[in-house]
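Geometric and topological summary
Next come the chains, spelled out residue by residue.
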Amino acid sequence: MQVNELGLKNREQWECKGYSLPKFDRAAVTEKTMENPFWVHFGAGNIFRAFQANVVQNLLNEGVLDRGLVVAEGFDYEIIEKMNRPHDGYNILVTLKANGSVEKTVVGSVVESLTVDSENDTDFNRLREIFKKDSLQMASFTITEKGYSLVNGKGEMLPSVVADMEKGPEKPESYIGKVVSLLYTRFQAGEKPIAMVSMDNCSHNGSKLHDAVFAFADKWSKTGLTDKAFVDYIENPAKVSFPWSMIDKITPRPDPSVEEILKKDGVEELEPVVTSKNTYVAPFVNAEECQYLVIEDAFPNGRPELEKGGLIFTTRETVDKVEKMKVCTCLNPLHTALAVFGCILGYDLISKEMKDETLKKLVEGIGYAEGLPVVINPGILDPKEFIDTVLGVRIPNPFMPDTPQRIATDTSQKLAIRFGETIKAYQASPKLHVSDLKLIPLVFAGWFRYLMGVDDNGNAFELSPDPLLDTVRPYVADVKLGEAVDAEKLLKPVLENEKIFGVNLYDVGMADTVCSYFSQMTAGTGAVRSTLEKYV
Ligand SMILES: NC(=O)c1ccc[n+]([C@@H]2O[C@H](COP(=O)([O-])OP(=O)(O)OC[C@H]3O[C@@H](n4cnc5c(N)ncnc54)[C@H](O)[C@@H]3O)[C@@H](O)[C@H]2O)c1
Ligand SMILES: O=P(O)(O)OC[C@@H](O)[C@@H](O)[C@H](O)[C@H](O)CO
């Protein structure tokens, strides 16, 4: 049983093992998609495989859609070369339900997989061709928060961005440079409309994508590297929109326990790959059942009826509220708290952490007591019910192989949005006081303690990748467990960094608390646990 066109010819073999297979005519769908593509997704990672690709598959099965997806990978070409192409774009989605049952679906809705590489003429020219098509309605993105950044940890423009800004849209190297070059192709083809939809977990994600795109369009238009009117095209929402969105579906990395289930069924060549750029991909993806994708309804070239697949289209204001609810209070901050302390306390599963009474109390406190008071009810989802499900069903799901190490990736990029927004809301409130926040500073102190790369037993552990590691690790490099530490002297430059925390922790009066917690957490082995027990 191979996950590819040939291997899927014997449908019975798969169906008798309980796999749901695509019910549409894939050859016909491929042909139509090649001719009239409507949706290109940038970022061929796990969330896309588990969520968007499956939504499109369901709509193809129901006959709501007659065309599939094109996926474009602009950062980690190995994903396309080692996964998508050998498997003809197929992928197995394994849904791990909280009651222990498992649903297996072969997803075949991705009918074209391309690298976004200006050195690869075949793929890049094909993308240019796609961007010239009248039929193209949306380009979406799950490229992680750092994918939108044009600068490094020190705030300096990335060399590839500097080069592209100077050279123009012909042969760009940087991710966003390549995307803007494709938009320029669309502009040149007759200023055709398109929605550029960021689906990453960052605040006001559409604006983040817009700002990065605008920086190139503005520069190129001003320096004559593109037509002067290109920037007006980007800035005209009737031509190019940048809707905000909120996406939610816990999608851990492909896990060996799931690989084993599929192997037992007789599925072959399942081995996951960890690419040289650290993406964990396999011919299968494992995810929870629960999912939400809420998108601002701003599609200048129209859009398919994706609401029939469960997506919610609404106003920007509602997306903002729903995103604040999920990313800033009711899910992602709790994840990051569990990630940081999970790594220090030696956990390798998020669900196991929820059996640790102290950690459970910690995330309940961050969610219900500190976060919930600043959540504005978005109307389409109830915040209290949402957090009840997150803490009662989703995060503790023992069948989900999610790890603190995955979630700890890029923590420096996430603290501002996951906690800073709450701090700002306390600052702005006439009734609430930043000094009431006792657990959020505990997570910040925990992050500094995490950066030491030494667990609570005093053993070294490997930190998850993060673009700021080289910048922030040196601040704690000389701290030794059991030795007195002048936390303020060491940590001040970081505590002041609004980019990391969303606020200057001195200005909001939280720096002293973080320093005090950090000193307590470094008092010796076991000090992280005892500090948590003291304050939670
Ligand atoms: N996995 C989840 O549970 C989940 C849920 C909701 C939202 N998301 C969002 O989706 C993003 C991707 O998650 P995933 O599960 O697909 O991760 P993944 O590790 O499977 O894939 C990451 C994707 O981002 C790309 N990427 C990584 N660094 C990049 C960079 N510097 N520039 C451009 N592209 C880069 C990779 O090439 C790959 O396509 C997350 O960062 C988050 O914003 C994930
Ligand atoms: O994907 P990241 O790296 O932004 O964050 C890690 C997790 O918190 C995240 O992936 C959640 O699983 C997801 O946001 C749930 O919808």
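Conventions used here
- Residues numbered from 1 in each chain as written.
- Chains lettered and ligands numbered in written order.
- Predicted model: local features only at pLDDT ≥ 70, side-chain atom pairs only at ≥ 80, totals over all residues.
- Heavy atoms only, no water.
- Pairing = 2+ DSSP bridges.
- Helix = DSSP H or I, 4+ residues; strand = E, 2+ residues; numbered from the N terminus.
- Salt bridge = Lys/Arg side-chain N within 4 Å of Asp/Glu carboxyl O.
- Buried < 20%, exposed > 50% of the residue type's maximum accessible area, 1.4 Å probe, protein only.
- UniProt positions renumbered as here; feature names shortened; annotations may be inferred.
- Axes fitted to C-alpha atoms, helices over the stretch in contact; angles between N-to-C directions.
- Parallel < 35°, antiparallel > 145°, perpendicular 65-115°, else oblique.
- Contact = heavy atoms within 4.5 Å.
- Nonpolar A, V, L, I, M, F, W, Y, C, P; charged D, E, K, R; others polar.
- Lys, Arg positive; Asp, Glu negative; His and termini not counted.
- Polar contact = N/O pair within 3.5 Å; in protein donor to acceptor, adjacent residues only side chain to side chain.
- Near = heavy atom within 4 Å.
- Core = buried A, V, L, I, M, F, W, Y, C linked by side-chain atoms within 4.5 Å.
- Domains from an automatic or database assignment.
- Arc of directions from axis to C-beta.

As a further point, take the sheet that holds strand 13 (residues 284-287). Strand order in the open sheet formed by four strands is 1-5-4-13, with mixed pairing between adjacent strands. A strand with exactly one partner marks an edge of an open sheet, and here the two such strands are strand 1 (19-20) and strand 13. One ladder, built from four bridges, connects strand 4 (residues 91-96) with strand 13; its direction is parallel. Bridged to isoleucine 92 within strand 13 is phenylalanine 284.

Applying the stated criterion across every chain yields a total of 34 salt bridges. Across the salt bridge formed by glutamate 496 and lysine 492, the nearest N and O atoms sit 3.6 Å from each other. For glutamate 496, a relative accessible area of 33% gives the class partly exposed. Overall, lysine 492 belongs to the partly exposed group, its relative accessible area being 33%. Counted as one network, the salt bridges with shared partners bring together Lys32, Asp66 and Arg67.

Here the focus is the UniProt feature "domain: Mannitol dehydrogenase C-terminal" (unreviewed entry) in the chain. According to UniProt, the "domain: Mannitol dehydrogenase C-terminal" (unreviewed entry) feature falls on residues 319-507. Across residues 319-507, the secondary structure splits into 59% helix and 0% strand, with the terminal C-alpha atoms separated by 30 Å.

Their axes nearest at 11 Å, the elements helix 15 (residues 357-371) and helix 16 (residues 383-394) cross at an angle of 170 degrees. The angle between helix 15 and helix 16 falls in the class roughly antiparallel. Along its contact with helix 15, which presents Val363, Glu364, Gly367 and Tyr368, the element helix 16 presents Lys384, Ile387, Asp388 and Leu391. Tallied by class, residues from the contact of helix 15 with helix 16 come to four nonpolar, one polar and three charged.

Right, let's get into the side chain of lysine 249. On the secondary structure map, lysine 249 appears in the loop between strand 10 (245-248) and helix 11 (256-265). Glutamate 288 provides the closest opposite charge to the buried, unpaired lysine 249, separated from it by 6.7 Å. A polar contact is formed between the side chain of lysine 249 and the side chain of glutamine 291, at a distance of 2.8 Å. When near neighbours in sequence (up to four residues on either side) are disregarded, lysine 249 contacts Ile47, Ala50, Phe51, Ala287, Glu288, Glu289, Cys290, Gln291 and Arg394.

The strand order 6-3-2-7-8-9 describes an open sheet built from six strands, whose pairing is parallel. Among the strands making up the open sheet, the edge pair consists of strand 6 (110-115) and strand 9 (240-241). Helix-sheet contacts for helix 6 (residues 121-132) involve strand 2 (39-42), strand 3 (69-73), strand 6, strand 7 (138-141) and strand 8 (194-198), and the interaxial angle to strand 6 is about 125 degrees. Across the sheet, helix 9 (residues 205-222) lies against strand 7 and strand 8, angled at about 115 degrees from strand 8, the strand it touches most.

Burial analysis of strand 4 places six of its six residues in the buried class, which makes it a mostly covered element. Note that strand 4 and strand 5 (residues 102-107) share six bridges and pair antiparallel. Paired with leucine 93 across the strands is threonine 105, a residue of strand 5. Taking the residues between adjacent antiparallel strands as the criterion, strand 4 and strand 5 are bridged by five residues, where glycine 100 takes a positive phi near 95 degrees.

On to helix 4 (residues 52-61). Within helix 4, eight of the 10 residues are buried, leaving the element largely enclosed by the surrounding structure. Regarding helix 4, the residues found buried are Gln52, Ala53, Asn54, Val55, Val56, Gln57, Leu59 and Leu60. After helix 4 finishes, the residue glycine 63 shows a positive phi value of roughly 80 degrees.

Lining the immediate environment of ligand 1, one finds 23 residues, of which Asn46, Glu73, Asp200, Asn201 and Thr251 sit closest. Aspartate 200 is positioned with one of its side-chain polar atoms (N or O) 2.7 Å from an oxygen atom of ligand 1. When its residues are assigned to classes, the shell around ligand 1 shows eight nonpolar, nine polar and six charged.

What follows concerns unusual backbone geometry. Its identity as a non-glycine residue notwithstanding, glutamate 191 has a phi of 50 degrees, on the positive side. Mapped onto the fold, glutamate 191 is located in the loop between helix 8 (175-188) and strand 8. Owing to a relative accessible area of 32%, glutamate 191 belongs among the partly exposed residues under this scheme. The backbone of aspartate 410 shows a phi angle near 60 degrees, a positive value even though the residue is not glycine. In this fold, aspartate 410 is placed in the loop between helix 17 (404-407) and helix 18 (411-428).

Trp447, Phe448 and Leu505 are the most contacted members of the largest nonpolar core, which totals 95 residues. At nine residues, helix 19 (residues 440-451) tops the list of elements feeding residues into this core. Of the residues that make up this core, three or more belong to each of domain 1 (11-314) and domain 2 (316-535). Those residues within four positions of tryptophan 447 in sequence are excluded, and the remaining contacts are Val340, Thr411, Ser412, Leu415, Val472, Val494, Ile500 and Phe501. The next biggest cluster of nonpolar side chains, apart from the first, holds 41 residues, and it includes Val70, Ile143, Tyr175 and Phe216.

With numbering aligned to this structure, UniProt lists the feature "domain: Mannitol dehydrogenase N-terminal" (unreviewed entry) at residues 40-308. Along residues 40-308, the helical share is 34% and the strand share 20%, with 19 Å between the first and last C-alpha atoms.

A few words now on the pairing of strand 7. A two-sided burial pattern is seen for strand 7, the buried positions comprising Met138 and Ser140 on one face and Ala139 and Phe141 on the other. Both strand 2 and strand 7 contribute to a ladder of four bridges, which runs parallel. Bridging from a neighbouring strand, tryptophan 39 pairs with methionine 138 of strand 7.

The next point concerns helix 11. Buried within helix 11 we find Val258, Glu259, Leu262 and Asp265. Burial along helix 11 is one-sided: seen end-on, the buried residues are contained in an arc of 115 degrees. Opposite the buried face of helix 11, at more than 90 degrees from it, the exposed residues are Pro256 and Lys264. Of the surrounding elements, those touching the buried residues of helix 11 are strand 1, strand 4, strand 5 and strand 13. Phi for glycine 266, located one or two positions after helix 11, is positive at around 105 degrees.

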